[in-house]
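# Fold and contact review
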Amino acid sequence: MNRSTLIEQIKEKKSFLCVGLDTDIRKIPQHLLDLDDPIFEFNKQIIDATKDYCVAYKPNIAFYEAHGPKGWESLKKTIDYIPSTHFTIADAKRGDIGNTSGLYARAFFEEMNFDSITVAPYMGADSVTPFLEFEGKWVILLGLTSNPGAEDFQQLELVNGNKVYQEVISGSSKWGTKDNLMYVVGATRAEALADIREIIPDSFLLIPGVGAQGGSLEDVIKYGMNDDIGLLVNSTRGIIYADMSPSFAESAANEAKKIQQQMAAFL
Ligand SMILES: O=c1ccn([C@@H]2O[C@H](COP(=O)(O)O)[C@@H](O)[C@H]2O)c(=O)[nH]1
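Bear in mind the structure is a predicted one, so any value in this text is a computation, not a measurement.

## Quick look at the site of the ligand
Neighbouring residues of the ligand: 15 residues in total, closest Asp22, Asn60, Ser146, Gln213 and Arg237. The contact in question runs from an oxygen atom of the ligand to an N or O atom on the side chain of Gln213, over 2.7 Å. The protein chains hide 88% of the 470 Å² of surface that the ligand would expose on its own. The site holding the ligand turns out to be the largest pocket. Counting residues per element, the ones that place at least two in the shell around the ligand are strand 3 (87–94) and strand 8 (231–235). Taken together, the residues of the shell around the ligand sort by class into three nonpolar, seven polar and five charged.

## Some thoughts on helix 11 (residues 248–264)
Here helix 11 spans 24 Å end to end across 17 residues, near enough to the 24 Å set by a 1.5 Å rise per residue. All buried positions along helix 11 are accounted for by Phe248, Ala249, Ser251, Ala252, Ala253, Ala256, Ile259, Gln260 and Met263. Looking at the packing, one finds that the buried side of helix 11 touches helix 1 (3–13), strand 1 (17–21), helix 2 (38–50), helix 9 (217–224), strand 8 and helix 10 (237–240).

## A closer look at the environment of Phe40
Along the polypeptide, Phe40 turns up in helix 2. Each C-alpha atom of the pair Phe40 and Pro246 lies 16 Å from the other, and the pair is 206 residues apart in sequence. If near-sequence neighbours (up to four positions away) are discounted, Phe40 is found in contact with Ser74, Lys77, Thr78 and Tyr81.

## Details of helix 6 (residues 125–132)
Three or more residues of helix 6 are buried, namely Ser127, Val128, Pro130, Phe131 and Leu132. The elements touched by buried residues of helix 6 are strand 3, helix 5 (98–111), strand 4 (116–119) and strand 5 (138–144).

## What to know about the layout of surface pockets
By volume, the largest pocket is sized at about 450 Å³. Every residue lining the largest pocket is counted, 26 residues in all, and those nearest its centre are Asp22, Lys58, Asn60, Pro208 and Gln213. Of all the elements in the fold, those that place two or more residues in the lining of the largest pocket are strand 3, strand 8 and helix 10. Of the residues belonging to the lining of the largest pocket, the class tally is eight nonpolar, 11 polar and seven charged. Empty space within the second largest pocket amounts to approximately 380 Å³. Every residue lining the second largest pocket is counted, 17 residues in all, and those nearest its centre are Pro121, Tyr122, Gln154, Val164 and Val168. Here the element with the most residues in the lining of the second largest pocket is helix 7 (residues 164–172); it accounts for five residues. Residues belonging to the lining of the second largest pocket are distributed by class as follows: nine nonpolar, seven polar and one charged.

## Observations concerning the UniProt feature "active site" (unreviewed entry) in the chain
Taking the UniProt record as the reference, the feature "active site" (unreviewed entry) is found at Lys93. Counting through the fold element by element, Lys93 comes out in strand 3. Every residue in contact with Lys93, bar those within four places of it in the chain, is listed here: Asn60, Thr118, Val119, Ala120 and Leu142. For Lys93, the side chain forms a polar contact with the side chain of Asp91, separated by 2.8 Å.

How each quantity is defined
- Residues numbered from 1 in each chain as written.
- Predicted model: local features only at pLDDT ≥ 70, side-chain atom pairs only at ≥ 80, totals over all residues.
- Heavy atoms only, no water.
- Near = heavy atom within 4 Å.
- Polar contact = N/O pair within 3.5 Å; in protein donor to acceptor, adjacent residues only side chain to side chain.
- Areas by Shrake-Rupley, 256 points an atom, 1.4 Å probe, with all protein chains shown as cover.
- 1 Å grid on protein atoms, 1.4 Å probe; cavity = no way out; pocket = protein on both sides within 12 Å on 5 of 7 lines; lining within 4 Å.
- Sits in = over half its atoms within 2 Å of the grid points.
- Helix = DSSP H or I, 4+ residues; strand = E, 2+ residues; numbered from the N terminus.
- Nonpolar A, V, L, I, M, F, W, Y, C, P; charged D, E, K, R; others polar.
- Expected span 1.5 Å × (residues − 1).
- Buried < 20%, exposed > 50% of the residue type's maximum accessible area, 1.4 Å probe, protein only.
- Contact = heavy atoms within 4.5 Å.
- Points joined across faces, edges and corners; volume = space filled by probe spheres on them.
- UniProt positions renumbered as here; feature names shortened; annotations may be inferred.

This is the structure we're talking about:
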């Protein structure tokens, strides 16, 4: 999906919500466990229930890889089931030497047909640019992450006065364009968003960390929104595990709708 279609979808739905599909077999309702593919059945019901309130879905690949070939099958069925109106994110956090990155890109963009993949910047330009060579596909580079460990390296100050994450964002912004490169910034780091917007005013940002991790949607909007909206705000556990009963999909829809309504007030 290209940038203008993504923006159209956001305006049409009055939503920039991304629903995370971190489907944990230990957490899904008991009655689904008797089915042949409980993970896919859960995802299918979550997608049916939430698709009117969100513009994107983000399966975290770990939750599928953990089940081996069967997990990859559930992932493929899920990605094929997501409506083409919705932007898809493989939250895989890949990146390696160039030829290896190229094969990761083929796996997620060609075999699985995702629109985008999250990539770790640590190995530098030659590890990221192979992903950017795929027409119509996106890299979502880890900028400033939502977890406590973001303090360990990302916030360290360099001799030029920049923090590591600022250097990562400004340096990498030359590798791609606003049409194929987005950044992850945690909602728990909303205080850094205004400064990040100075570096990359036009780029889309994928913002995880609202809901279960406690980030504030209001602050994200206040400091992170640009003229094209420029935000995809993810919530996973707060939506998909809102309720463990057989009516889990209805509860997920209610949670997604609540967030969509908060977003609509700003669109
Ligand atoms: O900085 C980051 C990068 C990725 N994530 C991922 O987003 C979701 C968040 O799930 P919640 O249940 O809404 O907390 C999950 O897949 C993380 O791996 C992140 O949280 N922070």
